Amino acid sequence: MQKSHTLLNNLRIGVLGGSFNPPHAGHRQISLQGMRLMRLDFVIWLVTPGNPQKNSRDYADLTTRMAAAQACAAHPRILISDFESRNGLTYTAETLDMLTSKYASTRFVWMMGADNLNSFHTWRDWQRIAATMPIAVFNRPGNRIAPLTSPAGHALARFRVPVARAATLPDCEAPAWTYFPGTLNRESSTRLRQTQPDWAQTAEKA
Ligand SMILES: Nc1ncnc2c1ncn2[C@@H]1O[C@H](COP(=O)(O)OP(=O)(O)OP(=O)(O)O)[C@@H](O)[C@H]1O
Ligand SMILES: O=C(O)c1ccc[n+]([C@@H]2O[C@H](COP(=O)([O-])O)[C@@H](O)[C@H]2O)c1
């Protein structure tokens, strides 16, 4: 009992926050890539009740996005969570504070696409986020160079851990981050909303 409890406490978990409106192959691909290269036990898709910088009236409801995420992930080590809505959270800084205080011995890594590193300096308390847990940034078409020279990329440059040492990232003291140039996935929720405008109704019926 004691042994399995200790094992649980030392899990390595990637946290991929997102709107998932709808979820897609790009989310799955970076989750599997992150899992493999950082030796993560699990990746949690943290389905946001609403990105504080987006208009949540444009979203499908949380239950629909969660169900679609479950169907899209279809992987025993990708977990879908409504942690933010259950705890009345929308800002990532607050979410990560609560996660790290609730699960003090879990090694968390915040995961995001390169487009979000470009705008990271506009997030509330972004420096506190960077000081809370290591960050994994995944390349995305159209974002090859800009993220590294973005205000946050620039400010955090000296804390960058080379991708060759990505397996150590979950063990690093924050701030620490790795940029994964890896396989690019062109999928986006924006494109899917255009090509499959009735995706939410389909997900609700499934
Ligand atoms: N194809 C992709 N490659 C790398 N990262 C991605 C990709 N798609 C999404 N992400 C990242 O996954 C996280 C959640 O993304 P989100 O749910 O907003 O999907 P999205 O495709 O970016 O949506 P939208 O097109 O509506 O902005 C974000 O950090 C985003 O950068
Ligand atoms: O906390 C913030 O200020 C903040 C600003 C923009 C985005 N976020 C979070 O970033 C994650 C990715 O958002 P999105 O909409 O690009 O999927 C999601 O968890 C959002 O809540 C957080």
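Reading the values: the criteria
Residues numbered from 1 in each chain as written. Chains lettered and ligands numbered in written order. Predicted model: local features only at pLDDT ≥ 70, side-chain atom pairs only at ≥ 80, totals over all residues. Helix = DSSP H or I, 4+ residues; strand = E, 2+ residues; numbered from the N terminus. Rg over C-alpha atoms; globule rule 2.2 N^0.38 Å. Buried ≥ 20, exposed ≤ 12 C-beta atoms within 10 Å, placed from the backbone. Contact = placed C-beta atoms within 7 Å. Near = placed C-beta within 6 Å. Nonpolar A, V, L, I, M, F, W, Y, C, P; charged D, E, K, R; others polar. pLDDT = per-residue confidence, 0-100. Core = buried A, V, L, I, M, F, W, Y, C linked by C-beta atoms within 7 Å. Expected span 1.5 Å × (residues − 1). Arc of directions from axis to C-beta. Pairing = 2+ DSSP bridges. Axes fitted to C-alpha atoms, helices over the stretch in contact; angles between N-to-C directions.

## Concerning the overall build of the protein chain
If you tally the helices and strands in the protein chain, you get 11 helices and 6 strands. Against the 2.2 N^0.38 benchmark of 17 Å for 206 residues, the protein chain shows a C-alpha radius of gyration of 16 Å, consistent with a compact globule. Expressed as lengths along the three principal axes of its C-alpha atoms, the size of the protein chain is roughly 50 × 45 × 30 Å. The buried share of the protein chain, taken over its 206 residues, is 33%. Long-range contacts, defined here as pairs at least 24 residues apart, represent 77% of the contacts in the protein chain between residues at least 6 apart.

## Things to note about the site of ligand 2
Surrounding ligand 2, one finds 15 residues, the nearest of these being G17, G18, N51, T92 and W123. Elements with a minimum of two residues in the shell around ligand 2: strand 1 (12-18) and helix 5 (92-102). Grouping the amino acids of the shell around ligand 2 by side-chain chemistry returns 5 nonpolar, 8 polar and 2 charged.

## What about the confidence of the model for the protein chain?
Chain-level statistics for the protein chain give a pLDDT mean of 92 and a share of 93% at 70 or above. Throughout residues 1-5 the model reports pLDDT below 50, and contacts reaching past four residues in sequence, or to other chains, amount to 0 contacts. Listed scores for the predicted complex are pTM 0.95 and ipTM 0.99.

## Some thoughts on the nonpolar core
The biggest cluster of nonpolar side chains holds 41 residues, and the ones touching the most others in it are V15, W45, V109, W110, M111, A136 and V137. Apart from residues lying up to four places away in sequence, W110 is in contact with V15, L96, I129, M133 and I135.

## Considering helix 3 (residues 62-73)
In a regular helix each residue adds 1.5 Å, so 12 residues correspond to 16 Å; helix 3 covers 16 Å between its end C-alpha atoms and thus fits that length. What helix 3 keeps buried is the set R65, M66, A68, A69 and A73. End-on view of helix 3: buried residues confined to an arc of 165 degrees, all on one side of the axis. Elements in contact with the buried residues of helix 3: helix 2 (25-37), strand 2 (42-47), strand 3 (78-81) and helix 11 (199-205).

## Focus: the pairing of strand 1
Judged from the 5 bridges that link them, strand 1 and strand 4 (residues 107-113) form a sheet pairing that is parallel. Within the sheet, the bridge partner assigned to G14 lies in strand 4 and is V109. Bridging between strand 1 and strand 2 involves 6 bridges; their strand directions are parallel. The residue bridging I13 from the neighbouring strand is F42, located in strand 2.

## Here we look at the site of ligand 1
The environment of ligand 1 is made up of 19 residues, and the closest members are G18, G26, G113, S189 and T190. Contributing elements (two or more residues each) for the shell around ligand 1: strand 1, helix 2, strand 4, helix 6 (114-119) and helix 10 (189-195). A per-element tally of the shell around ligand 1 places helix 2 first, with 3 residues. Looking at side-chain class alone, the shell around ligand 1 contains 5 nonpolar, 11 polar and 3 charged residues.

## Let's talk about the environment of T168
Within the element layout of this structure, T168 appears in the loop between helix 9 (151-155) and strand 6 (177-180). For T168 and L37, which are 131 residues apart along the polypeptide, the C-alpha to C-alpha distance reads 9.3 Å.

## A look at the sheet that holds strand 2
Across a sheet, paired strands are connected by hydrogen bonds in the backbone, their directions being either parallel or antiparallel. Spatially, 3-2-1-4-5-6 is the arrangement adopted by the 6 strands of the open sheet, whose pairing is parallel. The sheet is open, and its two borders are formed by strand 3 and strand 6, each paired with just one other strand. The mean angle between the axes of side-by-side strands here comes to 25 degrees, regardless of whether they run parallel or antiparallel. One ladder, built from 4 bridges, connects strand 2 with strand 3; its direction is parallel. Bridge pairing in strand 3 links I44 to L79.

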